[in-house]
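Close look at the chain arrangement
Each chain, letter by letter, is given below.
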Amino acid sequence: MKYKSQSVAKLYFIAAIALFVAQILFGLIMGLQYVVGDFLFPTIPFNVARMVHTNTLIIWLLMAFMGAAYYLIPEEAETELFAPWLATLMFWIFLAAAGATVAGYLLFSYSDLAELTMNELLPTMGREFLEQPTITKIGIVVVVLAFLFNIGMTILKGRKTSINLIMLLGLVGLAVFFLFSFYNPVNVVRDKFYWWWVVHLWVEGVWELILGAMLAFVLIKVTGVDREVIEKWLYIVIAMVLITGLIGTGHHFYWIGTPDWWQWWGSIFSAMEPIPFFMMTVFAFNMVHKRRREHPNKVATLWALGTAVMAFLGAGVWGFLHTLSPVNYYTHGTQITAAHGHMAFYGAYVMISLAMISYAMPLLRGRNAANPAKSQVLEMWSFWLMTVSMVFITLFLTGAGILQSYLQRVSDNPMPFMVVQEQINLFYWLREIAGLVFLIGLVLYVASFFVGQNEPEAVVADR
Amino acid sequence: MAQAFTKAMARNIFYGGSLFFFLLLLALTFQTEADFPSRDNRAALEGPKGTQIAEGKRLWEENDCIGCHTLLGEGAYFAPELANVYTRFGNSTDAIKGFIASRPADGIPGRRSMPQFNFNDEELSALAEFLKYVSEIKTARNWPPNIQG
Ligand code: HEM
Ligand code: HEM
Ligand SMILES: [Fe+2]
C-alpha cells in the first residue's frame, strides 16, 4: 500500500465478503425449496429468499467495485484520495441501507414493506433484481454520486492513466444506467424494454469496463509487464465489448412484445459478444506468460487467470448457447438461463472481485507483498472448490434446462410446468449438493484470512 | 501484435466504436417506440379498465409475484409462466381469481407453494385483468411456444 487513504478499501472488502456468505446461504435455502417445496414456508417464501440472494450479490459486488476503486485509483493517480472521510462515511451509509433493506425483506411481508416505504409515491419495487424499496434506490444513487465525486476529484488532481479513466467511465456508466430503474411505466412492454437498460447494459456493458480495468491493474502488478502493452489490450477488449454488447441488448427483445426485427439485430450482435471475453482470456495468459517478475502473491494471479477463463465459459460459451433467437425461442426463461446467469456472474464479477481482494488485502493488512504460504494454499483450495462446484452447478442446471425445454416446449405432448419440474428433480438435488461444496469452499476462503499471519513472507523477485 | 498498432489507435477505436453503436442503439430504440402501438396492447390501458389494469400491475409488483414466476419469460423459474395463464385457464379471469384466492396459508405439504395473499375481490379482479392484458400483448412468433408457457 503506497497511500494511506487506500486503507478505506479494507472496510468495503470485508463487508463484501460478509454479504457474499449471506448470499450463498440464501442460495442454498432456495436450492432446497426447489426440491422440498414447502421448506421454510411460509416464514421465508421462495421469492423472499431469492431477493436476498440476488440483492446481496449485487450489493456485495458494488462494495467490491468501490473498494477496488478506492484502492487502485489513488495508486494509479499517485496521490492520496481526495476525501477519505467521505469514503468512510459513505461506507457506513451504504452498509446501513443494505442491512436495513435485507432486514426489511425478512421481517415484513413485501407488500407491507412497499407500504412502509411509500412505494406509491414513486413505484419502482417488485421487478426482478430491482426489488429494493425506492428509498434504498435513492440511497444507492446518493452513495454512488459521492463516490464518483471522490474518485473523480482524485483522478483530476493526480496522474491520469488509462486504467483510471476506464474504471471511472465504467463506474459513471453504472450510475447512469441505474437511473432507468426509476422508470416504471404501466405499459408492460415498455417497462421490460427499459428494465434491460439497467440489467443488460450493466453486465454486458459498463461493468465489463470495470472488470477490464481491475484485471489490467492486477496483471500489471503481478506480472510487471509494461503498462503500454497492457493498456493497449485493455482498449481493444473494451472496444469490442461495447461494439457488440450495445446492440447485443437485442437478445432480450425477442419475445416481450418488441418488433420482430430485433431477432436479427439481437442474434447477430450478441453472437459476437463472446469475442471480447475470448480476447480477455488470451490477454491474461499472454501477460502472465510474458511476466517480468515472480510475484509471491500466487493466489492473486490464480484468481486473475481464473476469471479470464470462467468469464469466457460462463458469459461467452453459455451465453452463446442460448443467444440465437431460434434457440432462445425454446430456452427463454428456463433453467438454461439460470445456468448461464450463475456461471457468468461467478466467472466475471465474483472472481475479478476476489482477485482484487486477494491482491490488495495482504497489503492493506500491512504485509509487504503477499500472504504467507499457509494462507495462500488454503485460498487456492477455496478457489478450486468454489470454481469446480460452480462448473457442476452450471452443468446440472443445463441438464435440467435442456429437459425442461424439451418436455415443456418442444415435444409433441407439452407437459405442464409443475409436472416437468418433478421429472427433473434429480438435477436439482445434484445442484444442491454442488452448492454445499461451494459453501465449503467459501468457508475455507474466509478461514484463509485467519491462518499463518505471523509467518514470514517471500519478496518480489525480478525474472 | 504489430508495432504499428498503437495504444492511441486502440483508444480511438474504443471511443469511436462505442459512440457509433450507442447512437445506433438510440436509433433502434426510437424505431421500437414507433412500432410499439401495433403490438403492446396499449388500447387496453385506456378507460376504467385501464385504471384497473394499472392497479393490477401495482399489486403484481408490491407482492413480488416475479420472485417466483416468469412473465413473458422473465423473472424467476420456480413457478409457472403467467403471461399466458389467462388462455391456459380457458380465457377465464374467474379461474385466475379462484386459483389465487384458494392458496392454503400453510402451503401444500412437500409441494412448491404459493402464499395466501388475502386479496379482496376487487384486488383479485385487478390482478386477473392485468394478466389478461399481458396475455393479449402481441409477441413475436406468438411466444410462448405453447399453452404450457
Ligand atoms: C458477464 C457477463 C454476463 C452476465 C453476468 C450475464 C448474466 C445474465 C443473467 C443473470 C441473465 C438472466 C436475466 C434474467 O433474470 O432474466 C442473463 C440472460 C441472458 N444472457 Fe447473459 N450474462 C452475461 C453475458 C452474456 C453474453 C456474453 C451473452 C451472449 C453471448 C449472454 C446471453 C444471454 C441471453 C440470451 C439471456 C436471456 C436468457 C433468456 O432468454 O431467458 N449473456 N444473463
Ligand atoms: C451455493 C450455491 C448456489 C445456489 C444453491 C444457488 C441457487 C439459486 C437459485 C435456486 C436461484 C433462483 C432460480 C430461480 O429463479 O428459480 C438463484 C438465482 C440466482 N443466483 Fe444463485 N445460487 C448459488 C450461488 C450463486 C452464486 C455464487 C452466484 C453469483 C455468482 C449466484 C447468482 C445468482 C443469480 C444472478 C441469480 C438470478 C438468476 C436468473 O435470474 O437467471 N448464485 N440461485
Ligand atoms: Fe444480455
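Described below are features of the structure shown in this document. Please read these numbers as outputs of a predicted model, since none were measured by experiment.

It is worth spelling out the coordination of the iron atom of ligand 2 at this point. Residues and elements named next belong to chain A. Every protein donor of the iron atom of ligand 2 is listed here as His53 (NE2) and His342 (NE2), and their distances to the metal cover 2.0 Å. Note that the iron atom of ligand 2 binds six donor atoms; their angles at the metal cover 84 to 179°, and the shape is octahedral. Residue His53 is found in helix α2 (residues 46-77), and its partner His342 is found in helix α13 (residues 335-364); the two are separated by 289 residues along the sequence. Its relative accessible area of 11% is what places His53 among the buried residues. Given the relative accessible area of 29%, His342 is considered partly exposed.

So, about the packing of aromatic side chains. The final tally for this structure, using the stated rule, is 56 aromatic pairs over all chains. For the pair B:Phe89 and B:Phe99, a centre-to-centre distance of 5.9 Å together with 55° between the ring planes defines the contact as tilted. Placement of B:Phe89 in the loop between α3 (85-88) and α4 (93-101) and of B:Phe99 in helix α4 is noted, with a sequence separation of ten residues between them. Owing to a relative accessible area of 27%, B:Phe89 belongs among the partly exposed residues under this scheme. What links up through ring pairs into an aromatic cluster is the set A:Phe177, A:Phe180, A:Tyr183, A:Phe193, A:Tyr194, A:Trp197, A:Phe253, A:Trp261, A:Trp262 and B:Phe36. Above the plane of the ring of A:Tyr34 lies A:Arg431, whose end atom (NZ or CZ) is 4.9 Å from the centre.

Now for the coordination of the iron ion (ligand 3). Residues and elements named next belong to chain A. Within the protein, the atoms that donate to the iron ion (ligand 3) are His200 (ND1), Glu204 (OE), His251 (NE2) and His252 (NE2), at distances of 2.1 to 2.2 Å. A spacing of 4.3 Å is found between the iron ion (ligand 3) and the iron atom of ligand 1. Placement of the pair is His200 in helix α7 (residues 188-223) and His251 in the loop between α8 (227-248) and α9 (262-271), with a sequence separation of 51 residues. The exposure classification of His200 matches that of His251, with both residues buried.

One can describe the packing of α8(A) onto helix α1 (residues 7-35) of chain B by two numbers: an axis separation of 8 Å at closest approach and a directional angle of 15°. For the element pair α8(A) / α1(B), the angle class is roughly parallel. The two elements α8(A) and α1(B) cross, and the hand of that crossing is left-handed. On α1(B), the residues that touch A:Glu228, A:Glu231, A:Lys232, A:Tyr235, A:Ile236, A:Ile238, A:Ala239, A:Leu242, A:Ile243, A:Leu246 and A:Ile247 of α8(A) are B:Lys7, B:Ala10, B:Arg11, B:Ile13, B:Phe14, B:Gly17, B:Ser18, B:Phe21, B:Phe22, B:Leu24, B:Leu25 and B:Leu28.

This part is about the interface of chain B and chain A. Each partner contributes residues to the interface: chain B has 72 residues there, and chain A has 85 residues. A buried area of about 7000 Å², summed over both sides, lies between chain B and chain A, and 64% of it is on carbon and sulfur atoms. Among the residues of chain B in contact with chain A, B:Lys7, B:Tyr77 and B:Arg112 are the three that bury the most area, contributing 11% of the side total. Put simply, chain B and chain A have seven salt bridges between them. If one sorts the elements of the side of chain B that touches chain A by residue count, α1(B) sits on top with 19 residues. Of the residues in the side of chain B that touches chain A, the class split is 37 nonpolar, 18 polar and 17 charged.

Formed by 203 residues in total, the largest nonpolar core has its most connected members in A:Trp60, A:Phe65, A:Tyr70, A:Met167, A:Trp207, A:Trp303 and B:Leu71. Counting residues per element, this core draws most heavily on α7(A), which supplies 26 residues. Here this core spans two domains, since at least three of its residues come from each of domain 1 (9-36) and domain 2 (47-149) of chain B. If you look at the next biggest cluster of nonpolar residues, it comprises five residues, including A:Tyr254, A:Trp255, A:Tyr329 and B:Trp143.

Right, let's talk about the site of ligand 1 for a bit. Around ligand 1 sit 27 residues in total, of which A:Glu128, A:His332, A:Gly333, A:Thr337 and A:His340 are the nearest. Around ligand 1, the nearby residues trace back to chains A and B. A distance of 3.5 Å separates a nitrogen atom of ligand 1 from a polar atom in the side chain of A:Glu204. A distance of 3.4 Å separates an oxygen atom of ligand 1 from a polar atom in the side chain of B:Tyr77.

By the definition in use, this model includes 24 salt bridges over all chains. Residue B:Lys7 is joined to A:Glu228 by a salt bridge in which the shortest nitrogen-to-oxygen separation is 3.4 Å. Of this pair, B:Lys7 sits in helix α1 while A:Glu228 sits in helix α8, placing the two residues on different chains. Residue class for B:Lys7 comes out buried when judged on its relative accessible area of 16%. Between B:Arg111 and A:Glu422 there is a salt bridge, with its nearest N and O atoms 3.8 Å apart. Here the residue B:Arg111 occupies a position in the loop between α4 and α5 (121-135), and A:Glu422 occupies one in helix α15 (residues 417-423), the pair thus bridging two chains.

How each quantity is defined
- Residues numbered from 1 in each chain as written.
- Chains lettered and ligands numbered in written order.
- Predicted model: local features only at pLDDT ≥ 70, side-chain atom pairs only at ≥ 80, totals over all residues.
- Heavy atoms only, no water.
- Donors = N, O, S within 2.8 Å, 3.2 Å for Na, K, Ca; no water.
- Tetrahedral: all angles 85-135°; square planar, octahedral: opposite > 155°, others 65-115°.
- Helix = DSSP H or I, 4+ residues; strand = E, 2+ residues; numbered from the N terminus.
- Buried < 20%, exposed > 50% of the residue type's maximum accessible area, 1.4 Å probe, protein only.
- Phe/Tyr/Trp six-rings, centres within 6.5 Å; stacked < 30°, edge-to-face > 60°.
- Lys NZ or Arg CZ within 6 Å of the ring centre and 35° of its normal.
- Axes fitted to C-alpha atoms, helices over the stretch in contact; angles between N-to-C directions.
- Parallel < 35°, antiparallel > 145°, perpendicular 65-115°, else oblique.
- Left-handed = near helix turned anticlockwise from the far one by under 90°.
- Contact = heavy atoms within 4.5 Å.
- Buried area = accessible area lost by both parts, 1.4 Å probe.
- Salt bridge = Lys/Arg side-chain N within 4 Å of Asp/Glu carboxyl O.
- Nonpolar A, V, L, I, M, F, W, Y, C, P; charged D, E, K, R; others polar.
- Core = buried A, V, L, I, M, F, W, Y, C linked by side-chain atoms within 4.5 Å.
- Domains from an automatic or database assignment.
- Near = heavy atom within 4 Å.
- Polar contact = N/O pair within 3.5 Å; in protein donor to acceptor, adjacent residues only side chain to side chain.

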